[in-house]
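# Tertiary structure, described
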Number of protein chains: 2
Amino acid sequence: MTRQPPTFPSRGPSDHSVRDQIVEAAMQHFGHYGYEKTTVSDLAKAIGFSKAYIYKFFESKQAIGESICASRLAMIMAVVDQAMDEASGPSDKLSRLFKALVEAGAELFFHDRKLYDIAAVATRDHWPSAEAHRERLHRLIEQILREGRDSGEFESKTPLEEASHAVFLVMLPYISPVQLQYNLETAATAAQQLPALILRSLSAPYVTID
Amino acid sequence: MTRQPPTFPSRGPSDHSVRDQIVEAAMQHFGHYGYEKTTVSDLAKAIGFSKAYIYKFFESKQAIGESICASRLAMIMAVVDQAMDEASGPSDKLSRLFKALVEAGAELFFHDRKLYDIAAVATRDHWPSAEAHRERLHRLIEQILREGRDSGEFESKTPLEEASHAVFLVMLPYISPVQLQYNLETAATAAQQLPALILRSLSAPYVTID
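What counts as what
Residues numbered from 1 in each chain as written. Chains lettered and ligands numbered in written order. Predicted model: local features only at pLDDT ≥ 70, side-chain atom pairs only at ≥ 80, totals over all residues. Heavy atoms only, no water. Axes fitted to C-alpha atoms, helices over the stretch in contact; angles between N-to-C directions. Helix = DSSP H or I, 4+ residues; strand = E, 2+ residues; numbered from the N terminus. Parallel < 35°, antiparallel > 145°, perpendicular 65-115°, else oblique. Contact = heavy atoms within 4.5 Å. Nonpolar A, V, L, I, M, F, W, Y, C, P; charged D, E, K, R; others polar. Least-squares fit on C-alpha atoms with pLDDT ≥ 70 in both. Bend = angle between axes of the 7 residues up to and from the residue. Buried < 20%, exposed > 50% of the residue type's maximum accessible area, 1.4 Å probe, protein only. Buried area = accessible area lost by both parts, 1.4 Å probe. Salt bridge = Lys/Arg side-chain N within 4 Å of Asp/Glu carboxyl O. Polar contact = N/O pair within 3.5 Å; in protein donor to acceptor, adjacent residues only side chain to side chain. UniProt positions renumbered as here; feature names shortened; annotations may be inferred. Phe/Tyr/Trp six-rings, centres within 6.5 Å; stacked < 30°, edge-to-face > 60°. Lys NZ or Arg CZ within 6 Å of the ring centre and 35° of its normal. Left-handed = near helix turned anticlockwise from the far one by under 90°. Expected span 1.5 Å × (residues − 1).

What follows is about the packing of helix H5 (residues 90–111) of chain B against helix H8 (residues 160–175) of chain B. All names here are of chain B. Orientation of H5 relative to H8, taken along the N-to-C sense of each, is 25 degrees, at an axis distance of 9 Å. By the angle between their axes, H5 is roughly parallel relative to H8. Contact residues: Leu 94, Leu 97, Phe 98, Leu 101 and Val 102 in H5; Val 167, Val 170, Met 171, Tyr 174 and Ile 175 in H8. Looking at the contact of H5 with H8, its residues break down into 10 nonpolar, no polar and no charged.

Mapping chain B onto chain A leaves a residual RMSD of 0.0 Å; the transformation is a rotation of 180 degrees accompanied by 0.0 Å of translation along its axis. Taken together, the rotation and translation describe the operation of a two-fold axis. For chain B, the minimum C-alpha distance to the rotation axis belongs to Ser 201 of chain B and amounts to 1.8 Å. Looking at the interface residues of chain B, 100% of them are also at the interface in chain A, so both copies use one shared face.

Of all the bends in H8 of chain B, the largest measures some 35 degrees and sits at Leu 169 of chain B, one to four residues before the proline Pro 173 of chain B. Along H8 of chain B, 13 of the 16 residues are buried, which leaves the element largely enclosed by surrounding structure.

What follows covers the interface of chain B and chain A. The extent of an interface is frequently quoted as the accessible surface area lost upon association of the parts. Taken together, the contacts link 32 residues of chain B with 32 residues of chain A. For the pair chain B and chain A, the two sides together bury roughly 2800 Å², of which 63% comes from carbon and sulfur. Here chain B and chain A share 4 salt bridges between them. Across the pair Arg 200 of chain B and Glu 162 of chain A runs a salt bridge, and its minimum N-O distance is 3.9 Å. For the pair chain B and chain A, the number of links is 8 residue pairs in polar contact (both at pLDDT 80 or more). Those elements giving two or more residues to the side of chain B that touches chain A turn out to be H8, helix H9 (177–180) and helix H10 (187–202) of chain B.

In the numbering adopted here, UniProt assigns the feature "DNA-binding region" (unreviewed entry) to residues 39–58 of chain A. For residues 39–58 of chain A, helix accounts for 75% and strand for 0%, while the C-alpha atoms at its two ends are 13 Å apart.

Applying the stated criterion across every chain yields a total of 11 aromatic pairs over all chains. Both rings, one in Tyr 53 of chain A and one in Phe 57 of chain A, keep their centres 5.1 Å apart while their planes meet at 70 degrees; by these two values the pair is edge-to-face. Remark: Phe 57 of chain A and Tyr 53 of chain A occur in helix H3 (residues 51–57); sequence separation between them is 4 residues, near one turn of the helix. A relative accessible area of 30% means that Tyr 53 of chain A is categorised as partly exposed. We classify Phe 57 of chain A as buried; its relative accessible area is 12%. Seen from the ring of Tyr 35 of chain B, Lys 61 of chain B lies directly overhead, with NZ or CZ sitting 4.4 Å from the centre.

Moving on, we come to the packing of helix H5 (residues 90–111) of chain A against helix H10 (residues 187–202) of chain A. Residue and element names in this part refer to chain A. Two numbers describe how H5 lies on H10: the axes approach to 9 Å, and their chain directions differ by 155 degrees. In this view, H5 runs roughly antiparallel relative to H10, as classed from their interaxial angle. Classified by chirality, the crossing of H10 by H5 is right-handed. Here Ser 91, Leu 94, Ser 95, Phe 98, Lys 99 and Val 102 of H5 come into contact with H10, specifically with Ala 187, Ala 190, Ala 191, Leu 194, Pro 195, Ile 198, Leu 199 and Leu 202.

Residue and element names in this part refer to chain B. Relative to the elements of secondary structure, Glu 142 occurs in helix H7 (residues 128–150). Glu 142 gets classed as buried once you look at its relative accessible area, which sits at 13%. There is a polar contact of 2.8 Å between the side chain of Glu 142 and the side chain of Arg 139. Not counting the four nearest positions on each side in its chain, Glu 142 is found in contact with Leu 160, Glu 161 and Ser 164.

Here the focus is H10 of chain A. The end-to-end C-alpha distance of H10 of chain A, which contains 16 residues, comes to 22 Å, matching closely the 22 Å that a straight helix rising 1.5 Å per residue would cover. Looking only at H10 of chain A, the buried set comprises Ala 187, Ala 190, Ala 191, Gln 193, Leu 194, Pro 195, Leu 197, Ile 198, Arg 200, Ser 201 and Leu 202 of chain A. Taken together, the buried residues of H10 of chain A touch H5, helix H7 (128–150) and helix H8 (160–175) of chain A together with H8 and H10 of chain B.

As structure tokens, then:
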């Protein structure tokens, strides 16, 4: 097979808007009928494009799904990054991280559009975007713990990797959209009580708690 | 409508064995085809009973499903109760509770039979057996924390109800079989790291940790 040079520079803008149009229609369709039950033919019919034309932009239904998933996760990370910028220190960062994850996750996967189904498939099939999102948050938690240890705010007896991973596990049901759907009822309480529990577990033993 | 006296005393034993036979067949069927996709007609055909005969014992498919769910949850609680009897004190109780929930839950809902689907419906529709199971575990956690506070092993600054509920929330993804299915990969690590994190959060501030 001959390698072809990328063609996007010449057709970029218009290709981009077609891609966006496909993604937008797919999001509506998946939200209504579910990701698993929708075929590329269904999408083609709904948009009024031919199947072949859609395949020019996305090699499979999964590629469309991953594009939706990745863009939602990027929006969550943007909310998280902003929360981190506004935080006053490591303890505040952990509390805000939790709150941002719960709120942005619920908003972007469930309130706005019903994307449960994509979230479920992304988790089950270990889509790269979903795995990268988890890994990024795990590393962020580790970094916050390191900061807190350096400043003497957090205990440093527990191995950093264990303490970070344990905190990551506490947050995971709220990080993973597919699990978040089962925790929406308790999410507001969780966003208060779990960071508080985590901070009690991290507090340096010689600090007097008043 | 005339109220009829319960008829079970006269036919108890044989009715029981028919009920068991229906439940056993249903469990196999649900495990294969899923709870949602199976109808009472499918079950009747599989067992060789008439639909009407099955309705003599269970008023609906959900009643069969609840019976399966309740018996599995009762088996989990039996494992939990034994673990509590064997524990040496409140800290050990929390660690063993977590381990028992993860192991019994995984075994009873996923390894033995594939009952994901029943677990999902039980959670979604708030089946009484699932709700009662959560409530019982919440109360057990509260009781363990009370013991630990009384013995001076746990801090008692945080309101008991908040501390208990926070611990319950950490355990919930492993208590709820529908969430446990997403956490099976990390369950063994979680059963080590999460009780340790919880115990760090509960430790009385004046106790020296060595």
